[in-house]
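Coordinates in review
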Amino acid sequence: MIEFTQADNKIIATIVDTNRINTVNAASIKKSISEKIDQSGIHLIVDLINIKFIDSTGIGVLLSA
């Protein structure tokens, strides 16, 4: 669901296989992003280019991560 790539000292998280962040997938997205932040200790960029819809749960996930 999330592909991670590294560029310089930044990790780019691209959400793939869906165009939505909502109640259905929010928990797994939050877990993946949080684990990567804990492991890396560097800057993380979330690429939302594929995302067409984010519900309130999805916004909460992005803010809390």
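What counts and what doesn't
- Residue positions are counted from 1 within each chain, in the order its sequence is given.
- Selection of residues for local features in this predicted model requires a pLDDT of at least 70, selection of side-chain atom pairs for listing and counting requires 80 or more, and totals for whole chains, interfaces and linings are taken over all residues.
- Based on all heavy atoms of the structure, the side-chain values leave hydrogens and waters out of the count.
- Helix and strand assignments come from DSSP, with helices taken as H or I runs of at least 4 residues and strands as E runs of at least 2, each series counted from the N terminus.
- Radius of gyration here uses only the C-alpha atoms, and the compact-globule reference equals 2.2 Å multiplied by the residue count raised to the power 0.38.
- Only protein chains enter the accessibility calculation, which uses a 1.4 Å probe; a residue is then buried when its area is under 20% of its type maximum, exposed when over 50%, and partly exposed in between.
- Per-residue and other accessible areas were derived by the Shrake-Rupley procedure at a 1.4 Å probe size, with only the shown protein chains allowed to occlude residues.
- His is not counted here, nor are the chain ends, while Lys and Arg score as positive and Asp and Glu score as negative.
- Charged side chains are reduced to one point each, which is NZ for Lys, CZ for Arg, CG for Asp and CD for Glu.
- Note on aromatic pairs: the rings of Phe, Tyr and Trp (six-membered ring only in Trp) are paired at centre separations within 6.5 Å, and the planes decide the class, stacked below 30 degrees, edge-to-face beyond 60, tilted for the rest.
- Charge over a ring is defined by NZ of Lys or CZ of Arg lying within 6 Å of the ring centre and within 35 degrees of the ring normal.

**Comments concerning the overall build of the chain**
- Helix and strand counts for the chain come out as two helices and five strands.
- Mapped in sequence order, the helices and strands of the chain form the string β-β-β-α-β-β-α.
- Relative to the 2.2 N^0.38 estimate, which gives 11 Å for 65 residues, the radius of gyration of the chain is 11 Å and therefore close to what a compact globule would have.
- The principal-axis extents of the C-alpha atoms in the chain amount to approximately 30 × 20 × 15 Å.
- Going through the 65 residues of the chain one by one, you find that 25% of them count as buried.
- For the chain, the exposed area adds up to about 4,200 Å²; of that, 52% sits on carbon and sulfur atoms.
- Where the 6 positive side-chain charges of the chain centre and where its 7 negative ones centre are 4 Å apart.

**As for unusual backbone geometry**
- The backbone of Asp8 shows a phi angle near 55°, a positive value even though the residue is not glycine.
- Relative to the helices and strands, Asp8 resides in the loop between β1 (2–7) and β2 (10–15).
- On the basis of relative accessible area, Asp8 is assigned to the exposed category, the value being 75%.
- With a phi angle near 70°, Asp17 is a residue other than glycine that sits in the positive phi range.
- Following the sequence through the fold, Asp17 ends up in the loop between β2 and β3 (20–21).

**Some thoughts on the packing of aromatic side chains**
- Scanning the model with the defined rule gives zero aromatic pairs in all.
- The ring of Phe4 carries the charged tip of Lys36 above its face, separated from the ring centre by 4.9 Å.

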